[in-house]
Amino acid sequence: MIKVLFFAKLREQLGCEGIEMDAREVSTVAELRRQLIEQHPRWAASLDDRNLLVAVNQTLAKAEHPVGVDDEVAFFPPVTGG
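Residues numbered from 1 in each chain as written. Predicted model: local features only at pLDDT ≥ 70, side-chain atom pairs only at ≥ 80, totals over all residues. Heavy atoms only, no water.

Student: So what's going on with the overall build of the protein chain? Which residues, and what values?
Tutor: Secondary structure summary: the protein chain contains three helices and five strands in total. Reading the protein chain from its N terminus to its C terminus gives the helix and strand order β-α-β-α-α-β-β-β. Taken against the 2.2 N^0.38 rule, which gives 12 Å for 82 residues, the C-alpha radius of gyration of the protein chain at 12 Å falls within 12% of a compact globule. Judged by the C-alpha coordinates and their principal axes, the protein chain covers about 40 × 25 × 20 Å. For the protein chain, the residues scored as buried account for 43% of the 82 residues in total. Long-range pairs, those at least 24 residues apart, make up 52% of the contacts in the protein chain between residues at least 6 apart in sequence. (Helix = DSSP H or I, 4+ residues; strand = E, 2+ residues; numbered from the N terminus. Rg over C-alpha atoms; globule rule 2.2 N^0.38 Å. Buried < 20%, exposed > 50% of the residue type's maximum accessible area, 1.4 Å probe, protein only. Contact = heavy atoms within 4.5 Å.)

Pasting the structure below:
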């Protein structure tokens, strides 16, 4: 299983802290995002945001980054500071 977490404003938009996905269904971050949208169509607008950041096992990752069994994937909006 892949543990998928949502943070900050994204968590509020989706109304969900996280879910688990079958690791056999996906092999990259992009495929994971596509599966999430396919399974939860109302999440499409929030997950399609190009500014959304993704971390795999607490390391920032790009769309082509591989994901697999026991990985943790976190989606979160850009962090701003002052």
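Student: Quick one: what's the story with unusual backbone geometry, residue by residue and with numbers?
Tutor: Within the chain, N57 stands out as a residue other than glycine whose phi angle is a positive 50°. Of note, N57 is situated in the loop between β3 (53-56) and β4 (59-60). Backbone geometry places Q58, a non-glycine residue, at a positive phi of 70°. By the secondary structure assignment, Q58 is in the loop between β3 and β4. According to the relative accessible area criterion, Q58 is exposed, its value standing at 71%.

In short, geometric facts, not functional conclusions.
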